[in-house]
Amino acid sequence: MGEVELSCRAYIKMFLHSCLFPRCSINGLLLSSSPAGGAVCVTDCVPMLHSHLPLAPITQLALTQVDVWCSQTQQRIVGYYQANACVSDSSPTQCALKIADKIAEQFDNAVLLMLDGGKMSPDYRVPPIVMYERKDSRWMLKDKHTIMLRQWEETRAIASQMLESGDHMLLVDFDSHLDDITKDWTNQKLNTKIAELASPANGNI
Amino acid sequence: MASISEMYDVGWEEMRDKLRKWREDNCRNSEQIVDVGEELISEHASKLGDDIWIIYEQVMIAALDCSRDDLALTCLQELRKQFPDSHRVKRLSGMRLEALERYDEANKHYDAILQDDPTNTAARKRKISILKAQGKSTEAIRELNEYLEQRLYCCSSQRKSRGERIISHYGKAAFCLEELMMTNPHNHLYCEQYAEVKYTQGGLENLELSRKYFAQALRLNNRNMRALFGLYMSASHIAASPKVSAKVKKDNVKYAAWAATQINRAYKLAGRGTKENKCSMKAVEEMLESMQITMS
């Protein structure tokens, strides 16, 4: 299928989400503020859960709230990401496939992104992600050459820097929001911090 | 870099007491335990008396969690010197091997403990953890079942069993939660999780059960937002079902309306303003018509 571009902001928030809960499976939604058609630009993400991923109620709640927020902010849900607690296994779970299916019903070029925990250490120079796209009702591995991360080196550097400074503690996922509803699951503060650290060439947002 | 005692202006007694509190509450804040514990051990060991051994154990486990093998080894060596034949220390050696992913060696340690003492629950649990870490979920669940059936009744393994089972079979997860609720009737979290499992299983009967248990969770803790949203969603689903009587429909519309008011109030109090509240409520209403995810 088509090309997919992953923005600095989206990658960093996914990365920080998995670093915040290293012993849990985590998931979230991928968003785009770009017009439909052409390449899919994942410009942002919303971290969702870090516990009991296969249970329905909170997932439904999160999906609906994010959907409404998207329609107010000219964004759309274009994909789903997950990182498994078991670092040696980065294959999509039943729950991942089901949620991704639902997203694909609303958006043809939806992507399913799995974070590969085993490749997240500083030794690895390549993005620790595995992407799937929908072909003939099945999720197939996407050709690596159709996945773009602009300014990858800079993004990687910012991610490490933010982790070192403990910025991952600022990240709020939907689970944390339900524990304390004063917390902002759109993570505006974190977005600002990322924007400050990224060079103009790295921000298409 | 400043020490913990300098940064937070605390004395060694406070650090020791903090570690004790974290032990008692079973917190897994490993980074903090390592920071506080490492300083306590290196600078105030002589003042800790017999407490030092349990602190070595606590810091060692936290160090493994943070990939601080240097610190873990130091603690382990002190414990080995003091308690050379202890099963408890042998289990810690096993845990270190697990952290280094030397699972076969770790299993040998645990098997040795179990040969000496077949009732050693800690060693059995570690063996199950290894299966889980290796991604062998089916075997892990099987081992957990055997363990539970042998009536070595223990709350934490019920919890773990439930966690595993959620992945494989919602019915079994529900069963585990039922057991947990029986032994912990005041725990709102078990009620709420049971309700979530029932909701996920779907079907009118399960939805009604889920609504009841969300309500029960709220009685035990009226600030549980998950339970509040859960009550709203389950009651709304039931009210929308063509299979229910007019009375049931009316009752559930009432429950849903009550929940909606509570949710609005909670968000207002949180200072989020009416605009966002409207979004949340609209969101949940829309949800009933559009994205319906059934996991079974």
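Just so you know, these numbers come straight off a predicted model, no measurement behind them.

(A) Representation of the overall build of chain B. If you tally the helices and strands in chain B, you get 16 helices and zero strands. Going through the 296 residues of chain B one by one, you find that 46% of them count as buried. Within chain B, contacts between residues at least 6 apart in sequence are counted, and of these 50% link residues at least 24 apart. Summed over its atoms, the accessible surface of chain B is roughly 16100 Å², and 50% of this surface lies on carbon and sulfur atoms.

(B) Region of interest: the packing of aromatic side chains. Using the criterion set out here, one finds eight aromatic pairs over all chains in the structure. With a centroid separation of 6.3 Å and an interplanar angle of 70°, the aromatic rings of F229 of chain B and Y267 of chain B are classed as edge-to-face. Of this pair, F229 of chain B sits in helix 14 (residues 225-240) while Y267 of chain B sits in helix 15 (residues 246-269), placing them 38 residues apart in sequence. Summarising the burial analysis for this pair, F229 of chain B and Y267 of chain B share the class buried. Cluster of aromatic residues (ring-pair linked, three or more members): Y11, F15 and W152 of chain A.

(C) Looking closely at the UniProt feature "domain: MPN" (unreviewed entry) in chain A. When the UniProt feature table is mapped to this numbering, "domain: MPN" (unreviewed entry) covers residues 4-138 of chain A. A distance of 18 Å separates the end C-alpha atoms of residues 4-138 of chain A, which is 32% helix and 30% strand.

(D) The arrangement of the pairing of strand 8 (residues 138-141) of chain A in detail. Residues and elements named next belong to chain A. Note: strand 7 (residues 129-135) against strand 8, four bridges, orientation antiparallel. Looking at strand 8, one finds that K135 is bridged to R138. The loop that links strand 7 with its antiparallel partner strand 8 comprises two residues; one of these, D136, has a positive phi angle of about 50°.

(E) A look at helix 7 (residues 103-116) of chain B. Here helix 7 of chain B contains 14 residues, and its C-alpha end-to-end distance of 20 Å stays within 8% of the 20 Å for a straight helix at 1.5 Å per residue. Turning to helix 7 of chain B, the residues buried within the fold contact helix 6 (87-99) and helix 8 (121-133) of chain B.

(F) Just the sheet that holds strand 6 (residues 111-115) of chain A, in detail. Residues and elements named next belong to chain A. As summarised here, the arrangement of the six strands in space is 4-2-5-6-7-8, forming an open sheet in which the pairing is mixed. Either end of the sheet is taken by a strand with one partner, and the two such strands are strand 4 (44-49) and strand 8. In this sheet, adjacent strand axes meet at a mean angle of 30° when their direction is disregarded. Strands in contact with helix 2 (residues 56-72) are strand 2 (26-32), strand 4 and strand 5 (76-83); relative to strand 4, the strand with the most contacts, it is inclined by about 155°.

(G) Quick look at the confidence of the model for chain B. Residue and element names in this part refer to chain B. Here chain B averages 83 in pLDDT, while 84% of its residues score no lower than 70. Mean pLDDT in chain B bottoms out at helix 16 (residues 273-289), which sits at 50, and peaks at helix 13 (residues 204-220), which reaches 95. Across residues 287-296, where pLDDT falls below 50, the model places 33 contacts with residues more than four positions away in sequence or in other chains. Across the interface, the model reports ipTM at 0.90; the global pTM reads 0.82.

(H) Structural view of the environment of H44 of chain B. Residues and elements named next belong to chain B. Turning to its location among the elements, H44 is positioned in helix 3 (residues 30-44). Sequence separation between H44 and E13 is 31 residues, and the spatial gap between their C-alpha atoms is 9.5 Å. With near-sequence residues (within four places) excluded, H44 lies in contact with W12 and E39. For H44, the side chain forms a polar contact with the side chain of K47, separated by 2.7 Å.

(I) View of helix 5 (residues 69-82) of chain B. All names here are of chain B. With 14 residues, helix 5 extends 20 Å between its outermost C-alpha atoms, agreeing within 8% with the 20 Å of an ideal straight helix rising 1.5 Å per residue. Listed in full, the buried residues belonging to helix 5 are L71, A72, C75, L76 and L79. Mapping the buried residues of helix 5 onto a view down its axis gives an arc of 130°, with all of them on the same face.

(J) The sheet that holds strand 3 (residues 40-42) of chain A, seen in detail. Reading across the sheet, the three strands line up as 3-1-9 (chain A) and stay open at both edges, with parallel pairing between neighbours. Among the strands making up the open sheet, the edge pair consists of strand 3 and strand 9 (147-148) of chain A.

(K) Local environment of the side chain of E133 of chain A. Residues and elements named next belong to chain A. Tracing the backbone through its elements, the reader meets E133 in strand 7. Taking relative accessible area as the criterion, E133 reaches 4% and is therefore assigned buried. Side-chain polar atoms of E133 contact the side chain of K135, separated by 3.2 Å.

(L) Seen up close, the nonpolar core. The biggest cluster of nonpolar side chains holds 103 residues, and the ones touching the most others in it are Y11 and Y80 of chain A. In contact with Y11 of chain A, other than residues within four places in its own chain, are L6, P128, I129, L149, W152, T155 and A159 of chain A. V59, L71, V89 and A123 of chain B belong to the second-largest nonpolar core, a separate cluster that totals 35 residues.

(M) Examining the environment of A215 of chain B more closely. Assignment of secondary structure puts A215 of chain B in helix 13. Residue A215 of chain B is classed as buried on the basis of its relative accessible area of 18%.

(N) Here's a closer look at the state of the cysteines. Residue and element names in this part refer to chain B. Applying the stated criterion to the full structure yields zero disulfides over all chains. Looking at C66, it has no disulfide partner, and the nearest cysteine sulfur is the one in C75, 12 Å off. Judged by its relative accessible area of 23%, C66 is partly exposed.

(O) Just the environment of K243 of chain B, in detail. By secondary structure assignment, the location of K243 of chain B is in the loop between helix 14 and helix 15. Distance from K243 of chain B to H87 of chain B, taken between C-alpha atoms, is 59 Å for residues 156 residues apart in sequence.

(P) Seen up close, the packing of helix 3 of chain B against helix 4 (residues 51-65) of chain B. All names here are of chain B. Remark: helix 3 packs on helix 4, axes separated minimally by 8 Å, with the N-to-C direction vectors making an angle of 135°. Comparing the axis directions of helix 3 and helix 4 gives the class oblique. In the crossing of helix 3 with helix 4, the sense of the turn from one axis to the other is left-handed. For the pair helix 3 and helix 4, the contacting residues are S30, I33, V34, G37, L40 and I41 in the first and I55, Y56, Q58, V59, A62, A63 and D65 in the second.

Thresholds applied
- Residues numbered from 1 in each chain as written.
- Chains lettered and ligands numbered in written order.
- Predicted model: local features only at pLDDT ≥ 70, side-chain atom pairs only at ≥ 80, totals over all residues.
- Heavy atoms only, no water.
- Helix = DSSP H or I, 4+ residues; strand = E, 2+ residues; numbered from the N terminus.
- Buried < 20%, exposed > 50% of the residue type's maximum accessible area, 1.4 Å probe, protein only.
- Contact = heavy atoms within 4.5 Å.
- Areas by Shrake-Rupley, 256 points an atom, 1.4 Å probe, with all protein chains shown as cover.
- Phe/Tyr/Trp six-rings, centres within 6.5 Å; stacked < 30°, edge-to-face > 60°.
- UniProt positions renumbered as here; feature names shortened; annotations may be inferred.
- Pairing = 2+ DSSP bridges.
- Expected span 1.5 Å × (residues − 1).
- Axes fitted to C-alpha atoms, helices over the stretch in contact; angles between N-to-C directions.
- pLDDT = per-residue confidence, 0-100.
- Polar contact = N/O pair within 3.5 Å; in protein donor to acceptor, adjacent residues only side chain to side chain.
- Arc of directions from axis to C-beta.
- Core = buried A, V, L, I, M, F, W, Y, C linked by side-chain atoms within 4.5 Å.
- Disulfide = S-S within 2.5 Å.
- Parallel < 35°, antiparallel > 145°, perpendicular 65-115°, else oblique.
- Left-handed = near helix turned anticlockwise from the far one by under 90°.

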